[in-house]
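So you can see what is in the structure, the chains are spelled out below.
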Amino acid sequence: MESPFTVFVFLIFWDTALAGLNPLSSELYRRCHINGTCRLECFGSEMLVAYCMFQLECCLKGNPEP
């Protein structure tokens, strides 16, 4: 039978390992274009200017000039 400490340590490192295996974790909220941010979907106050990897949208705040 495993001690509660061993189970606790396993759960902490398991969560960290899964975060590293998720391909979206490194692309989400990455800087793109000029001052844009990669997101799953742009907010209403943002403008879509390009696309990032994994079909994420590159969003800029406000209405930038074309």
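Please refer to the structure higher up on the page.
Let me sum up the structure you'll find in this document. (Residues numbered from 1 in each chain as written. Predicted model: local features only at pLDDT ≥ 70, side-chain atom pairs only at ≥ 80, totals over all residues. Heavy atoms only, no water.)

**As for the pairing of strand β2 (residues 36-39)**
On a regular strand, one side chain projects to one face of the sheet and the next to the other, so that they alternate.
Right, so step 1: Neither face of β2 is open: one carries Gly 36 and Cys 38, the other Thr 37 and Arg 39, and all of them are buried.
Right, so step 2: Counting the residues between successive antiparallel strands, the hairpin from strand β1 (residues 31-32) to β2 contains three residues, one of them, His 33, with a positive phi of roughly 50°.
Right, so step 3: Note: β2 against strand β4 (residues 57-61), three bridges, orientation antiparallel. Looking at β4, one finds that Thr 37 is bridged to Cys 59. (Buried < 20%, exposed > 50% of the residue type's maximum accessible area, 1.4 Å probe, protein only. Helix = DSSP H or I, 4+ residues; strand = E, 2+ residues; numbered from the N terminus. Pairing = 2+ DSSP bridges.)

**Details of the nonpolar core**
Right, so step 1: Counting residues in hydrophobic clusters, the biggest one holds five residues: Cys 32, Cys 38, Cys 52, Leu 56 and Cys 58.
Right, so step 2: Discounting residues that sit within four places of it in the chain, Cys 32 has contacts with Thr 37, Cys 38, Cys 52 and Cys 58. (Core = buried A, V, L, I, M, F, W, Y, C linked by side-chain atoms within 4.5 Å. Contact = heavy atoms within 4.5 Å.)

**Concerning the sheet that holds β4**
Right, so step 1: One open sheet accounts for four strands, arranged β1-β2-β4-β3; its pairing is antiparallel. Pairing within the sheet leaves two strands with one partner each, and these edge strands are β1 and β3 (46-51).
Right, so step 2: Pairing of β1 with β2 involves two bridges; the strand directions are antiparallel. Directly across from Arg 31, in β2, lies its bridge partner Thr 37.

**With respect to the state of the cysteines**
Right, so step 1: The tally for this structure, following the rule as stated, stands at three disulfides.
Right, so step 2: Disulfide pairing is shown between Cys 38 and Cys 52; the S-S distance is 2.0 Å. Taking the torsion about the S-S bond as the criterion, the Cys 38 to Cys 52 disulfide, at about -85°, is left-handed. Taken together, the residues Cys 38 in strand β2 and Cys 52 in the loop between β3 and β4 connect sequence positions 14 residues apart.
Right, so step 3: According to the relative accessible area criterion, Cys 38 is buried, its value standing at 2%.
Right, so step 4: Counting its disulfide-bonded cysteines in sequence order, the protein chain shows a connectivity of 1-5, 2-4, 3-6. (Disulfide = S-S within 2.5 Å.)

**Section: the pattern of salt bridges**
Right, so step 1: Scanning all chains against the criterion turns up one salt bridge.
Right, so step 2: In this structure, Glu 46 engages Arg 39 in a salt bridge whose closest nitrogen and oxygen atoms are separated by 3.1 Å. Each member of the pair, Glu 46 as well as Arg 39, is classed as buried. (Salt bridge = Lys/Arg side-chain N within 4 Å of Asp/Glu carboxyl O.)

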